[in-house]
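# Structural features, examined
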Amino acid sequence: MTETQQLNDEKYMRRALELAAQGEQLGEVPVGAVIVCDDEIIGEGFNQPITSRDPTAHAEIVALRMAAERVKNYRVIDSTLYVTLEPCTMCVGALIHSRIARLVFGTTEPKAGAVVSQSTLLDADYFNHRIISEGGVLAEQCQHQLSDFFRRRREELKQQKIALSSEDVIANEVDKKNDR
């Protein structure tokens, strides 16, 4: 890989991280995606299945829809997709059908990653399209964004449980006084 390619990869991954942060502000798992063709962003998105009530609204799918609209074709050939998290099975399938040329992801997804973690779908010989893939671009930043989100979410849930327990104690005390 050339130094220019590495700098471009990092530049577009930074944009994907910014998009992931937008999704996080809405309460979504922070994953962002950017599609680039001829050094121009043609599609971008962040996870939004909760806010859009659409289970397919992963960052990659949102970016693919925008890119397809922009090029006026469901195939977005000669393009690179940058995404902060290794794609799942659904997203890998969409990338293959859209004819993305290259996939660059930040961090791996140990539970559901379909590129290198749980399966290696891009290596399957039964697909009629090949995608070049590379992982680990700004991996540390991508991983921290996700782990910080889930750490905060666990803490919020813990605080909610504590608050609910306190309300139960107060309600029980009120009931006892009313029974007297």
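It should be emphasised that the depicted structure is a prediction, and the values quoted were computed from it without experimental measurement.

With that settled, consider the side chain of Thr-107. Inspection of the secondary structure assignment puts Thr-107 in strand E4 (residues 102–107). Within the structure, the side chain of Thr-107 is placed 3.1 Å from the side chain of Gln-143, a separation counted as a polar contact. For Thr-107, the contacting residues outside a window of four places in its chain are Thr-84, Leu-85, Glu-86, Ala-139, Cys-142, Gln-143 and Leu-146.

Using the criterion set out here, one finds nine salt bridges in the structure. In this structure, Glu-10 engages Arg-14 in a salt bridge whose closest nitrogen and oxygen atoms are separated by 3.9 Å. Of the two residues, Glu-10 and Arg-14 both sit in helix H1 (residues 3–25), four residues apart, roughly one turn of that helix. The salt bridge partner of Asp-54 is Arg-65, with a shortest N-O separation of 3.4 Å. Taken together, the residues Asp-54 in the loop between helix H2 (49–52) and helix H3 (59–71) and Arg-65 in helix H3 connect sequence positions eleven residues apart.

Now for the packing of aromatic side chains. Across all of its chains, the model carries three aromatic pairs by this definition. A centroid spacing of 4.7 Å and a plane angle of 50° characterise the contact between Tyr-126 and Phe-127, whose relative ring orientation is tilted. A relative accessible area of 59% means that Tyr-126 is categorised as exposed.

What counts as what
- Residues numbered from 1 in each chain as written.
- Predicted model: local features only at pLDDT ≥ 70, side-chain atom pairs only at ≥ 80, totals over all residues.
- Heavy atoms only, no water.
- Helix = DSSP H or I, 4+ residues; strand = E, 2+ residues; numbered from the N terminus.
- Polar contact = N/O pair within 3.5 Å; in protein donor to acceptor, adjacent residues only side chain to side chain.
- Contact = heavy atoms within 4.5 Å.
- Salt bridge = Lys/Arg side-chain N within 4 Å of Asp/Glu carboxyl O.
- Phe/Tyr/Trp six-rings, centres within 6.5 Å; stacked < 30°, edge-to-face > 60°.
- Buried < 20%, exposed > 50% of the residue type's maximum accessible area, 1.4 Å probe, protein only.

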